[in-house]
Structure formats: structure tokens, C-alpha cells
Amino acid sequence: MNRIDFDVEPAEAARIAQDLQQGRTLPLSWYTDPAVTAAEIDRIYSHAWQYIGRAADVAEAGQFVTADIAGRPIVVVRDRDGSLNAFHNVCRHRAAQVVLEECGQRRTLQCHYHAWTYGLDGSLKGAPRSKSEADFPQTELGLRKASAQTWGPFLFANLDAAPEPLEAQLADVPALTAGAGIDVDDLKFHFRVEYDLKCNWKVAIENYLECYHCPNAHPGFSHVLDTDMSAYQLVLEPTLAWQNGPLRQLNAGAAAEATGYTGRDGVVPEGRYFAVFPNMKVNINPGLPNVSIGPVVPMGPNNSHGFLDYYFGADVPQQWIDDMIVFDNQVGAEDTVLVESVQRGIRSGALEQGRIMMESEKLIAGYQSWILDKLTAKDA
């Protein structure tokens, strides 16, 4: 990838780090500056594992899926020997996207433009008229390698050919998911929800990283989960931050709701919400087995796009799913209003920095420190 002309020099990084320790945010200009967004894509997204879809779509030989990682097209394919391969979906001829379909099954990966044909291992098998070219370097023109791995039914990709393993980025998420009463291998995909936000991607993630706003902005969520400071847990780890929300206790003598989503009717005793750095959400709501997972992707400094894939246990009834989605959609609609309001405030230029509540918003402080480290100039 080309380097982007944005570096935080070590002395400036030290000053900003001190600000973060004292409860001041990153410079708010970082949420509107195109150069910062370009640097984030180049230095953060391009080296992080991204959730892209369902492992079931690449279970058989020749099955493939395509995706974009912050604008970079990739293709993931199952080889005949059972290996899972990933490549930059860019033809080595004149850079056309090789595979246009979202998913399918092929014996080879043939470019739609000039029919350059690649094996499922990425090697160039043939190029029309190449025999008439003197010293045509066929063995040097395979697809550029990327990486793919799975966790249960979830498929991830990384633009790097040899990144750190997925397990390093996910850290405790698989164990904590199992500890919430969910067997990911029993989950079944149901649907994908896509959304667009008129805000910087970091604004969306930072909103997700705190529940300080929940009692005021999410009355329905706070009715089901105990969002009081003494009950709602915040945990910061090197590659992720997560929140644990217990069910709100019923008042003595009060009966649970007879209809709608309550979270009180299954093996999952509490809500667990994981932000895997830099941009992935993994949500578990209390009740019956459920996971929603997906990224928030920068679409420019003032816009972002996201999606969530919803998975449920094999025996979860449709009515429970419908009720939970009503609950989830309400929270999402409320969050959209919040984050777009923040972006308008940032764009106004009224403030150079914001203030972090160091107890209730400590995950934001940790996340912003992580972002700062990724954007700080490193010695060559």
C-alpha cells in the first residue's frame, strides 16, 4: 500500500497521550480530515482482520465469496485440497476486478475482461495470446495473496499475506461468547442488516463503547438491562473492549412482561457487547442463543457504512427472533440520531477537543490511545 502523508510525530503523540490520560479526547479535527481517514485506512484497516460473511459459503471446493475491505476488493475461495485461500481480487493484467459475483462456485477464477485465468491457488494458469509474447513471465503473475480464517460460522479476511493469526485479534471473544451460553457451531445465519451513517467511523465505534448514554437515550434497552454504573461492566483489553450488561432486576412482586422481548427466557443470562479493534462489533443479547456481527467502515471522513449479520441457535423460534429484532432496531435508530448529532457538532468547529468521563467512558479513552499509537510515526 502507498504511504499516506499523515504522521503524528512522537512529541505530538506524547502530548495527545497526556491529554487522554487527563480526560481530553483526540483532536476533533481527526474526525473530519480526509488525510486522517486515508491514513486510518492505510495503516489500520489494511492490516486488521475483517468479518466478511459466512464460512458456509466457502465450505466446498471451488466455492468463493467476494468482499471489499475499505475499498480493496478481495476474493476468498476453497481450494480442492481443502485449504482456504484469499487473494486481492485484482487481475495482474490491467487491474480489473477478476470476480464480479458476490458468491458462487468455480473451477477457476477467470477475469471477465480479457479471460486471464487463475487457479484456486491464485497461480496464473493461462492468458490468451501469451504464447506470442517473448519471455512472458506467467509464473510471476499470480494473484496477490491475502489471508482468510474462520471462527465457527464466521468468515474473516485480511489484506496482508502473512498477518498475525485471527486468534490474536479476537483474544478472549470466543471464550467469553461460550461463557455466555452460546455454542457458535450451533448458530444458523438468518439475515444481514446494512446501514449508512452520516458520521466518522470512530464516532460510531465510540458510541458503541459506552453505555453512559443508555439511561437517557435508550430507555427500552435500559428497561431490559441494568445500565446503572454499579452493575454495567466495562473491560478493556489490548485488541478489544467489551461490556457486560446484567438483566435489570424486577421490583418485588412485579411480573415479567407477557409479550415482546424481555431477555429473560433463555440460556443467555446477560448482554455482552464486544468491540474488536479497529471496527468490528460482536453483540450478544440476553435470552436465547444469538449473535450479531459486523464492521463499521469509513466511507470518507464524515460518512460510514456498516452491516450486521444475525445468527441464532437452531431451535430459536421465529417469534422470539422477531421480538428481539424490534428491540435491536429501536436501539439502532436511537444510536443513529446520537452519532449524526455528534458529527454535526464536530463539523461546526466550535470545539477542538471533547471531554471523556474517565470512569463511564474509559473504553473510549483506551480505544483512542490505540488509534493514536497506530497513527504515530515509527522509527524506520
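Note that this is a predicted model, so its numbers are computed, not measured.

**A closer look at the state of the cysteines**
- For the structure on display, the rule yields one disulfide.
- Sulfur-sulfur distance for the disulfide between Cys211 and Cys214 comes to 1.9 Å. On the sign convention where negative is left-handed, the bridge of Cys211 and Cys214, at about -105° about the S-S bond, is left-handed.
- With no disulfide of its own, Cys91 has Cys111 as its nearest cysteine by sulfur position, at a separation of 4.0 Å.
- A relative accessible area of 4% means that Cys91 is categorised as buried.
- Between Cys103, a cysteine without a disulfide, and Cys111, which holds the nearest cysteine sulfur, the sulfur-to-sulfur distance is 19 Å.
- Since its relative accessible area comes to 44%, Cys103 is described here as partly exposed.

**Structural notes on the packing of aromatic side chains**
- If you walk through the whole model with that rule in mind, you get 22 aromatic pairs.
- Residues Tyr51 and Phe156 carry aromatic rings whose centres are separated by 5.7 Å and whose planes lie at 75° to one another, so their mutual orientation is edge-to-face. Taken together, the residues Tyr51 in strand β1 (residues 50–54) and Phe156 in strand β10 (residues 154–158) connect sequence positions 105 residues apart.
- The exposure class of Tyr51 is buried, given its relative accessible area of 2%.
- Measuring from ring centre to ring centre gives 6.4 Å for Tyr367 and Trp370, while their planes differ by 10°; the resulting arrangement is stacked. Here Tyr367 pairs with Trp370, and both are found in helix α9 (residues 362–375), just three residues apart, close to one helical turn.
- On the accessibility criterion, Tyr367 (0% relative accessible area) is buried.

**Focus on the sheet that holds strand β15 (residues 280–284)**
- One open sheet accounts for seven strands, arranged β11-β17-β16-β15-β14-β13-β12; its pairing is antiparallel. The open sheet has two free edges, formed respectively by β11 (187–197) and β12 (233–236), since each of these has just one partner strand. For this sheet, the mean inter-axis angle between neighbouring strands, taken without regard to orientation, is 15°.
- Two strands pair when backbone bridges link them, and strand β16 (residues 290–298) and strand β17 (residues 304–313) are joined in this way by seven bridges, in the antiparallel orientation. Among the inter-strand pairings, Val297 is bridged to a residue of β17, identified as His305.
- Of the strands in this sheet, β11, β16 and β17 are in contact with helix α8 (residues 318–347), which crosses β11 at around 20°.
- Most of the contacts of α9 go to β12, to which it runs at about 15°, and overall it touches β12 and β13 (240–246).

**Focus: the side chain of Asn279**
- Structurally, Asn279 is set in the loop between β14 (270–276) and β15.
- When near neighbours in sequence (up to four residues on either side) are disregarded, Asn279 contacts Tyr45, Gln50, Trp201, Ile205, Gly294, Pro295, Val296 and Val297.

**What to know about the UniProt feature "domain: Rieske" (unreviewed entry) in the protein chain**
- UniProt marks residues 49–157 with the feature "domain: Rieske" (unreviewed entry), using the numbering shown here.
- For residues 49–157, helix accounts for 0% and strand for 39%, while the C-alpha atoms at its two ends are 6 Å apart.

**As for the nonpolar core**
- Core analysis: the biggest nonpolar cluster contains 60 residues, and Trp30, Phe221 and Leu375 have the highest contact counts within it.
- Core analysis: the second largest hydrophobic core is formed by 25 residues, Leu166, Leu170, Val173 and Val184 among them.

**Describing the packing of helix α1 (residues 10–21) against α9**
- Here α1 crosses α9 at 175°, and the two axes come no closer than 10 Å. When the axis of α1 is compared with that of α9, the two are roughly antiparallel. Residues Ala13, Ile16, Ala17 and Leu20 of α1 form the contact with α9, whose own contacting residues are Gln368, Ser369 and Leu372.
- The residue inventory of the contact of α1 with α9, partitioned by class, reads five nonpolar, two polar and no charged.

**Here we look at the packing of helix α5 (residues 201–208) against α8**
- For the pair α5 and α8, interaxial distance at closest approach is 10 Å and the crossing angle is 130°. In terms of axis orientation, α5 runs oblique to α8. In this structure, α5 crosses over α8, and the sense of that crossing is right-handed. Side by side, α5 and α8 meet where Val203, Ala204 and Asn207 of the first sit next to Asp335, Leu338, Val339, Val342, Gln343 and Ile346 of the second.
- Of the residues assigned to the contact of α5 with α8, the class counts are six nonpolar, two polar and one charged.

**Comments concerning the environment of Ala178**
- Mapping Ala178 onto the fold places it in helix α4 (residues 173–179).
- According to the relative accessible area criterion, Ala178 is partly exposed, its value standing at 48%.
- Sequence spacing of Ala178 and Ser304 is 126 residues, and the spatial spacing of their C-alpha atoms is 31 Å.

**Some words on α8**
- With 30 residues, α8 ought to run about 44 Å at 1.5 Å a step, and its terminal C-alpha atoms sit 43 Å apart, in line with that.
- Following α8 by one or two positions, Gly349 has its phi on the positive side, about 80°.

Conventions used here
- Residues numbered from 1 in each chain as written.
- Predicted model: local features only at pLDDT ≥ 70, side-chain atom pairs only at ≥ 80, totals over all residues.
- Heavy atoms only, no water.
- Disulfide = S-S within 2.5 Å.
- Buried < 20%, exposed > 50% of the residue type's maximum accessible area, 1.4 Å probe, protein only.
- Phe/Tyr/Trp six-rings, centres within 6.5 Å; stacked < 30°, edge-to-face > 60°.
- Helix = DSSP H or I, 4+ residues; strand = E, 2+ residues; numbered from the N terminus.
- Pairing = 2+ DSSP bridges.
- Axes fitted to C-alpha atoms, helices over the stretch in contact; angles between N-to-C directions.
- Contact = heavy atoms within 4.5 Å.
- UniProt positions renumbered as here; feature names shortened; annotations may be inferred.
- Core = buried A, V, L, I, M, F, W, Y, C linked by side-chain atoms within 4.5 Å.
- Parallel < 35°, antiparallel > 145°, perpendicular 65-115°, else oblique.
- Nonpolar A, V, L, I, M, F, W, Y, C, P; charged D, E, K, R; others polar.
- Left-handed = near helix turned anticlockwise from the far one by under 90°.
- Expected span 1.5 Å × (residues − 1).

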